[in-house]
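Residues per chain are reported as follows:
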Amino acid sequence: MMAALLYLGAGLGMCVVRLLNHRQGTEVKEARITQKDFPYVLAMIILDIAAPVFLMVGLTLSSAAHASLLGNFEIVATSLIALLIFQESIGKRLWAALALITLASIILSVEDLSSFTFSLGSLFVLLSCICWGFENNCTRKLAIKDPMDIVILKGFGSGLGALFLALFLKETLSGIGYILGALMLGFVAYGLSIFFYVRAQRELGAARTSAYYALAPFIGVGLSFAIFREMPNASFLVALGIMIAGAYLASSEDHAHLHEHPAITHEHRHSHKDPHHSHSHSDSFAGEHSHVHTHMPLAHSHHHTPDIHHGHIH
Ligand SMILES: [Zn+2]
Ligand SMILES: [Zn+2]
Ligand SMILES: [Zn+2]
Ligand SMILES: [Zn+2]
Ligand SMILES: [Zn+2]
Ligand SMILES: [Zn+2]
């Protein structure tokens, strides 16, 4: 029930933001989601509903500590699926970074590794990671489109799905205060985070984005040490060191080579600062805008990440 309210809060909140922007005329034009995107939207919503169900089953069969430990495999699943199925480029340096970030997350989330046993519950937790891995890659396919649309579709789609599931399992709604609180939390925790996740995926691709988002728990734990004026324990410091090394490797990645861009016609938000958008407009466009444009075939060499124009195979 909580998951349903969080997703619905994200969708509702984003609708309000869109309305406010519309009234003040501060909308940024972005490409809209079209019928062609429907399979990815549907997959994203179904996986969003399925993943927490698997996680819940896993939690009833094993402990919360084990589940949060295994939860770190979302990065691994996302990257493997990105590489094997969506053919996103991942170099040696990035694999090393992903390994370090995963290791650091494991150290942070586990207190006693020796008590770990692989159970049926673990299998369900891993299954939920695989769902989220596919879901991240489906969202990546939509990242060229308006991130607000994505939050609204995901919020209402996954929220209503989870709501029906909760009602089917005969869960009841508790108190209006609780509901409003959960909706607000959903807008901040889910809505804004999905929005920025999609914006990041547009520039970085699925694997790198999931690696950077793994840094968030560290900021949380670090802040709690600062706020409660506690000395961080040894395992936090070890994990922090490994995490910094991983983040450095991921961000210092140096990928440049001669590549070819085939001719393509598509719509997305862009400015004319990068070497791919040198087309001219009859009316004077300035800054960022969105419209259907055609890229002529182009071969050039420059630094790039697997962004929306650089999905080439290496
Ligand atoms: Zn490349
Ligand atoms: Zn373009
Ligand atoms: Zn333009
Ligand atoms: Zn253009
Ligand atoms: Zn290029
Ligand atoms: Zn480029």
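Scroll up to find the structure.
Residues numbered from 1 in each chain as written. Chains lettered and ligands numbered in written order. Predicted model: local features only at pLDDT ≥ 70, side-chain atom pairs only at ≥ 80, totals over all residues. Heavy atoms only, no water.

Enquirer: Sorry if this is basic, but what is going on with helix H4 (residues 73-84) here?
Expert: Quick reminder: α-helices carry 3.6 residues per turn. Residues three or four places apart thus point the same way. With 12 residues, H4 should reach 16 Å at 1.5 Å per residue; the first-to-last C-alpha distance of 16 Å fits that figure. Listed as buried for H4 are Ile75, Ala77, Thr78, Ser79, Ile81 and Ala82. Next to the buried residues of H4 lie helix H5 (92-109), helix H6 (120-142) and helix H8 (176-213). (Helix = DSSP H or I, 4+ residues; strand = E, 2+ residues; numbered from the N terminus. Expected span 1.5 Å × (residues − 1). Buried < 20%, exposed > 50% of the residue type's maximum accessible area, 1.4 Å probe, protein only. Contact = heavy atoms within 4.5 Å.)

Enquirer: Could you clarify how one ought to interpret the nonpolar core in this entry?
Expert: Ranked by size, the top nonpolar core spans 18 residues in total, and within it Met14, Met44, Leu142, Ile150, Val151, Phe195 and Val198 carry the most contacts. Mapped by element, the contributors of at least two residues to this core are helix H1 (2-24), helix H2 (38-61), H6, helix H7 (147-168) and H8. No other element matches H2, which puts five residues into this core. Look past the residues within four positions of Met14 in its chain and what remains in contact with it is Met148, Val151, Ile152, Phe187, Gly191, Leu192 and Phe195. Counting residues in each nonpolar core, the second largest holds 17 residues, with Ala207, Phe236, Ala239 and Ala250 among its members. (Core = buried A, V, L, I, M, F, W, Y, C linked by side-chain atoms within 4.5 Å.)

Enquirer: Would you explain the coordination of the zinc ion (ligand 2) in this entry?
Expert: Each angle at a metal carrying four tetrahedral donors should ideally be 109.5 degrees, and each at a metal carrying six octahedral donors should ideally be 90 or 180 degrees. All of the protein donors around the zinc ion (ligand 2) are His266 (NE2), His268 (NE2), His277 (NE2), His293 (NE2), His295 (NE2) and His309 (NE2); their distances to the metal are 2.2 to 2.4 Å. Spacing between the donor residues of the zinc ion (ligand 2) along their common chain follows H-x1-H-x8-H-x15-H-x1-H-x13-H. With His295 in strand S3 (residues 289-295) and His309 in the segment after strand S4 (298-303), the pair connects residues that are 14 residues apart, well separated along the chain. (Donors = N, O, S within 2.8 Å, 3.2 Å for Na, K, Ca; no water.)

Enquirer: When you look at the coordination of the zinc ion (ligand 6) in this model, what are you seeing that I'm missing?
Expert: Bound to the zinc ion (ligand 6) on the protein side are His276 (NE2), His302 (NE2) and His310 (NE2), at distances that span 2.4 to 2.6 Å. Mapped onto the sequence, the residues coordinating the zinc ion (ligand 6) show the spacing H-x25-H-x7-H. Exposure remark for His276: the relative accessible area of 10% places this residue in the buried category. Take His310: its relative accessible area is 3%, and that puts it in the buried class.

Enquirer: Can you help me understand the pattern of salt bridges in this one?
Expert: Side chains that differ in charge, positive against negative, can pair when their charged atoms come close. The final tally for this structure, using the stated rule, is 12 salt bridges. In this structure, the salt-bridge partner of Arg18 is Asp149, at a minimum N-O distance of 2.8 Å. One end of the pair, Arg18, is in helix H1; the other, Asp149, is in helix H7, and 131 residues separate them in sequence. Taking relative accessible area as the criterion, Asp149 reaches 10% and is therefore assigned buried. The salt bridge partner of Asp48 is Lys154, with a shortest N-O separation of 3.3 Å. With Asp48 in helix H2 and Lys154 in helix H7, this pair connects stretches of sequence that are 106 residues apart. Asp48 sits in the buried class, given a relative accessible area of 2%. (Salt bridge = Lys/Arg side-chain N within 4 Å of Asp/Glu carboxyl O.)

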